[in-house]
Amino acid sequence: MRFSVVIPLYRSRDTLVRAIASVFAQTSPAHEVILVVDDGQDYRDFVADARVRLLSTGIVGSGAGNARNVGIRAATGDAIALLDADDAFHPARLAALAPLVKKYGAAFTGTRYIDDATGAELPNINFMFEAEFLSPLALALSGMHTHVHIAFDPVRCPALNDVSHAAQDSVFMMKLYDYVDAVGYTSAPLYDYYRSAGSFCTQQGSAQKFVDFIDDVLDPQSAAYAAVSKYNAFEALRLYLKCMRDAEIEVIANSERSFQEIMLARAKETLWQHIKG
């Protein structure tokens, strides 16, 4: 299977070498790497390999979802694998994804969380499943900190990011269930997510921002709700976002526990029954 790896770029020069190197280190080589510029900067010095293509959104700060859409539309491979410019693939990732994408149309792997400053591995709050495929809610729980790194067949799953709201990553993941019955899965941690001090999740006030955009998505009167409520997996998305919202509110209330601890506990209390049942 020929993978097109799509990487959106926004102030990404410091980490992009690592991301591209991880693609070239695959045991099953990628067909192409598509870099999509969304910050107006010059990234031509990163196009030293013939497999790297450089595109642009033509806008500054249009958002990662829009940049991914540009890359998805331009891809010439049999499958799309999404990668953020500050993250990396495990060398065996594409090889593990290929049979799952071929069988199910879309696939997801486990995640390894790494402190970008120290290189230390961080606690993993994701649920681990033994199944080879996942239902919508199980998929949400298997990637609770990031949902961007899903892989899919663009012919069987002609999905694009909905850029009208902030919950783009989670919604895109759920949108795939309009085209497939299940998403292939391996719990092996084959995607390296680097958490940095300057990321959105670590910024002061980020918890309230998460609550605000979740409220918008779940408000029946909002444009975001109108956009996402039509998807087959909307109920799973609603349950997941509500659990996340409640966890963030507890963080805002000065809980002594971290968001990760709270989210894991709440997910076990309120969401696990929907999967087990």
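Summarised in this report is the structure supplied together with it. (Residues numbered from 1 in each chain as written. Predicted model: local features only at pLDDT ≥ 70, side-chain atom pairs only at ≥ 80, totals over all residues. Heavy atoms only, no water.)

On to unusual backbone geometry, then. Glycine aside, a negative phi is what most residues show, and trans is what most peptide bonds show. Even without being glycine, R11 reaches a positive phi, approximately 50°. With relative accessibility at 64%, the residue R11 sits in the exposed group. (Buried < 20%, exposed > 50% of the residue type's maximum accessible area, 1.4 Å probe, protein only.)

What follows covers the packing of aromatic side chains. A complete count under the given rule lists eleven aromatic pairs for this structure. Three or more aromatic residues joined by ring pairs form one cluster here, namely F127, F129, Y185 and W272. One cation-aromatic arrangement involves R13 over Y43; the distance from NZ or CZ to the ring centre is 5.6 Å. If you follow R18 out to its NZ or CZ, it ends over the ring of Y194, 3.6 Å from the centre. (Phe/Tyr/Trp six-rings, centres within 6.5 Å; stacked < 30°, edge-to-face > 60°. Lys NZ or Arg CZ within 6 Å of the ring centre and 35° of its normal.)

Given 3.6 residues to a turn, an α-helix orients residues that are three or four positions apart in the same direction. Across the eight residues that make up helix α5 (residues 168-175), a large majority, seven, are buried. Where α5 is buried, its residues contact α2 (64-74), β4 (79-82), α4 (136-142), β8 (151-152), α7 (223-228) and α8 (234-252). (Helix = DSSP H or I, 4+ residues; strand = E, 2+ residues; numbered from the N terminus. Contact = heavy atoms within 4.5 Å.)

A few words on the packing of α8 against helix α9 (residues 259-270). One can describe the packing of α8 onto α9 by two numbers: an axis separation of 9 Å at closest approach and a directional angle of 135°. Classified by the angle between their axes, α8 and α9 sit oblique to one another. Considering only the axes of α8 and α9, their crossing is right-handed. Residue-level inspection shows Y240, C243, M244, D246, A247, E248, E250 and V251 of α8 in contact with α9, the latter providing F259, I262, M263, R266, A267 and T270. Taken together, the residues of the contact of α8 with α9 break down into nine nonpolar, one polar and four charged. (Axes fitted to C-alpha atoms, helices over the stretch in contact; angles between N-to-C directions. Parallel < 35°, antiparallel > 145°, perpendicular 65-115°, else oblique. Left-handed = near helix turned anticlockwise from the far one by under 90°. Nonpolar A, V, L, I, M, F, W, Y, C, P; charged D, E, K, R; others polar.)

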